[in-house]
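Residue-level structure breakdown
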Amino acid sequence: KEAAALKDFQAALAIDPKSLNALYNRGELHFNAERLPQALADLDAAAAVAPKDEDVLYLRSRVFLGQGRMDRAMRDLEAVLKLNPKNASAQIQKGYIYHELGDHLSAVEAFGNRSMIVRHPSTIDARSLGMRAIAPGFSLLQNDAPTAAVSRSIASSGMSSLFSTL
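What this report covers is the structure whose coordinates are included nearby. (Residues numbered from 1 in each chain as written. Predicted model: local features only at pLDDT ≥ 70, side-chain atom pairs only at ≥ 80, totals over all residues. Heavy atoms only, no water.)

Side note on the overall build of the chain
How we decide: The helix and strand labels rest on DSSP assignments: H or I over at least four residues marks a helix, E over at least two residues marks a strand, and numbering proceeds from the N terminus. Each residue is placed in one exposure class: buried if its accessible area under a 1.4 Å probe, protein chains only, is under 20% of its type's maximum, exposed if it is over 50%, and partly exposed if it falls in between. Any two residues whose heavy atoms approach within 4.5 Å are treated as being in contact. Each accessible area is a Shrake-Rupley estimate made with a 1.4 Å probe; only the visible protein chains count as cover when residues are assessed.
A count of helical and extended segments in the chain gives 10 helices and 3 strands. Each helix and strand of the chain, ordered N terminal to C terminal, gives the series α-α-α-α-α-α-α-β-α-β-β-α-α. Across the 166 residues that make up the chain, the buried fraction comes to 40%. For the chain, the share of sequence-separated contacts (at least 6 apart) that also reach a separation of at least 24 residues comes to 45%. Approximately 9200 Å² of the chain is accessible, and the part contributed by carbon and sulfur atoms is 52%.

Here it is in structure tokens:
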């Protein structure tokens, strides 16, 4: 199935080397198969064709994240959010990167004024508590408190230690 899809994308690109759909979809296929260098090559080419395409920039940020290139991932996420400030996936990914970098207050702010990340032992635990799993061991917990209040609460209550073990 994957081989047939790759063959179809290759045929489409032989006809139109700048086919945004073929470049993006082949990049996504490579990303899902964890072939990050190939995914990045296709997504870079797609971004050259459509530099303001939210989907291309977001997926490329995930490739950069998979390669440990947080700065490049953050740059693409910022571009996505400039194009569409309400892109929830980009906000969540940005918050996750802040957590990985150890900037927990910025992470909470990145999630907006209604949510925060909670560390837990398993995705099953997250679902049973009504949380949305966003990465292995982490979930988005909805909270009605304003961001500043959540940030102060985390900083002053010692909850930030939950994040320091990442």
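A short note on unusual backbone geometry
Positive phi is not limited to glycine here, since Glu34 has a value of about 65°. Topologically, Glu34 is positioned in the loop between α2 (20–32) and α3 (36–49). Residue Glu34 is classed as exposed on the basis of its relative accessible area of 69%.

Notes on the nonpolar core
What counts is decided by this rule: What makes a nonpolar core is a set of buried Ala, Val, Leu, Ile, Met, Phe, Trp, Tyr and Cys residues whose side-chain atoms join them at distances within 4.5 Å.
Within the largest apolar cluster, 31 residues are counted, with the highest numbers of intra-cluster contacts made by Phe31, Val63, Leu65, Ala90 and Ile97. Counting only elements with at least two residues in this core, the list comes to α1 (2–15), α2, α3, α4 (54–66), α5 (70–83), α6 (88–100) and α7 (104–110). For Phe31, the residues in contact, after removing those within four places along its chain, are Leu36, Ala39, Leu59, Arg62 and Val63.

Comments concerning the side chain of Arg60
What counts, and what does not: In the analysis that follows, any N or O atom pair within 3.5 Å is treated as a polar contact, provided that within protein one partner can donate a hydrogen and the other can accept it, and provided that, for residues neighboring in sequence, both atoms belong to side chains.
In this fold, Arg60 is placed in helix α4. A polar side-chain atom of Arg60 sits 3.0 Å from a polar atom in the side chain of Asp44. A polar contact of 2.7 Å, which involves the side chain of Arg60, links it to the side chain of Asp76. For Arg60, the residues in contact, after removing those within four places along its chain, are Leu40, Leu43, Asp44, Ala47 and Asp76.

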